[in-house]
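# Descriptive analysis of the structure
Take a look at the letters that make up each chain.
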Amino acid sequence: MGAPVLITRPGERARALAEVIEAKGFGTERLAVMQQETVPETADVRSAWLDIDHFHKVVVISPAAAERLAEALDRYWPQLPQRLELYAVGQATATVLHQALGLKVRVPAPTAGEETSEALLALASLQCLEHQRVLLVAGQGGRPLLGDTLEQRGARVTRLEVYRRRLITPDAGARTWLEQGGYQALVVSSGEILEHLARWCSEAAFQQPLVVSSQRLATLAKTLGFRIPVVASGASPAALAAAVARTCDPEDGE
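Basis of the calculations
Every residue gets a number counted from 1 within its own chain, in the order that chain's sequence is written. Per-residue local features are limited, in this predicted model, to residues with pLDDT of at least 70; the limit for side-chain atom pairs, both in listing and counting, is 80 or more; totals at the level of whole chains, interfaces and linings are taken over all residues. Side-chain numbers here rest on the full set of heavy atoms in the structure, without hydrogens or water. Helix and strand assignments follow DSSP, with helices taken as H or I runs no shorter than four residues and strands as E runs no shorter than two, numbered in order from the N terminus. Residue count minus one, scaled by 1.5 Å, sets the expected span of a helix. Whether a residue is buried, partly exposed or exposed follows from its accessible area with a 1.4 Å probe, protein chains only, as a fraction of its type maximum: under 20%, in between, or over 50%, in that order. Any carboxyl oxygen of Asp or Glu within 4 Å of a side-chain nitrogen of Lys or Arg constitutes a salt bridge here. Note on definitions: angles span 0 to 180 degrees between N-to-C directions of axes, and those axes are lines fitted to C-alpha atoms, for helices only across the stretch in contact. Oblique is the label for every angle not falling under 35 degrees (roughly parallel), over 145 degrees (roughly antiparallel), or within 65 to 115 degrees (roughly perpendicular). Helix crossings are classified by the rotation of the near helix relative to the far one: an anticlockwise turn of less than a right angle makes the crossing left-handed, while a clockwise turn makes it right-handed. Note on contacts: a residue pair qualifies if any of its non-hydrogen atoms lie within 4.5 Å across the two residues. Any residue that is not Ala, Val, Leu, Ile, Met, Phe, Trp, Tyr, Cys, Pro, Asp, Glu, Lys or Arg is counted as polar, Gly included; the first ten are nonpolar and the last four charged.

### So, helix H3 (residues 63-76)
- Taking 1.5 Å per residue as the helical rise, H3 with its 14 residues ought to reach 20 Å, and the 20 Å between its terminal C-alpha atoms agrees with that figure.
- Turning to H3, its buried residues are Pro63, Ala64, Ala65, Ala66, Arg68, Leu69, Ala70, Ala72 and Leu73.

Here it is in structure tokens:
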């Protein structure tokens, strides 16, 4: 298979991404550079779970947040609340919710081109939110864009931070890949991970293709020194793998 494609996605979701990329004929190596940890449940968080049927909309930021939401509903709602209106930033998050809950999940329109907060905010049903309560399920930190914009549109937003991210120093093997640049592509779907990895990248690594999940990350990558950022259509395994194939084997990228 030759040089591998480097994957930086944390947790079990790295395996799904690796499988799709490997199905396209590329070897993969996982760089363990971030760990996701569940945040202990506070009384306020528990209250929000118990009152989730009082929210007009529930917006879920990531697959990790979707998993925590599904777990909470399993604990506190033997029968799912009626008329639970779910939104997800990307298809991967929507898939976790649909598989766990069997409910319809609204996602950015395909015409948006990318699975981003900006694309989700373009949905017609999120434009006028006067007197509506919105529950935002996310990790600690991250961009404030979604919550701030929903509030500007009139929503009363409750943000639940249900997990945290911990950056990990790359091990010796990972540092060797980043020092030598001896790989086909580096796949990153997190700005936090991208900034973290840039500290160990040599000029050889900066010259290698970098597959990212949004134009925003591509812009960040250029400021960090990456020469060849390639934008996938989203953060799902299929979207990232298609971008890898397009970049590393252009003739078969279709």
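### Re the pattern of salt bridges
- Counting across every chain of the model gives 11 salt bridges.
- The salt bridge partner of arginine 143 is glutamate 118, with a shortest N-O separation of 2.6 Å. Of this pair, arginine 143 sits in the loop between strand S7 (133-139) and helix H6 (145-152) while glutamate 118 sits in helix H5 (residues 117-121), placing them 25 residues apart in sequence.
- A relative accessible area of 39% means that glutamate 118 is categorised as partly exposed.
- In this structure, the salt-bridge partner of arginine 159 is glutamate 161, at a minimum N-O distance of 3.1 Å.
- Arginine 159 gets classed as partly exposed once you look at its relative accessible area, which sits at 32%.
- Since its relative accessible area comes to 32%, glutamate 161 is described here as partly exposed.
- Residues joined by salt bridges that share partners form a network here, namely Glu37, Arg164 and Arg166.

### Thoughts on unusual backbone geometry
- Notably, arginine 83 is not glycine yet its phi reads approximately 60°, a positive angle.
- For arginine 83, a relative accessible area of 73% translates into the label exposed.
- At histidine 131, a position not held by glycine, the phi torsion is positive, near 65°.

### Overview of the packing of H3 against helix H4 (residues 91-101)
- The interhelical angle for the contact between H3 and H4, taken along N-to-C directions, is 20°, at an axis separation of 8 Å. Taken as axis vectors, H3 and H4 run roughly parallel relative to one another. Seen from above, H3 lies across H4 with right-handed handedness. The segment H3 lies against H4, with Pro63, Ala66, Glu67, Leu69, Ala70 and Leu73 engaging Ala92, Thr93, Val96, Leu97, Ala100 and Leu101.
- By residue class, the composition of the contact of H3 with H4 is 10 nonpolar, one polar and one charged.

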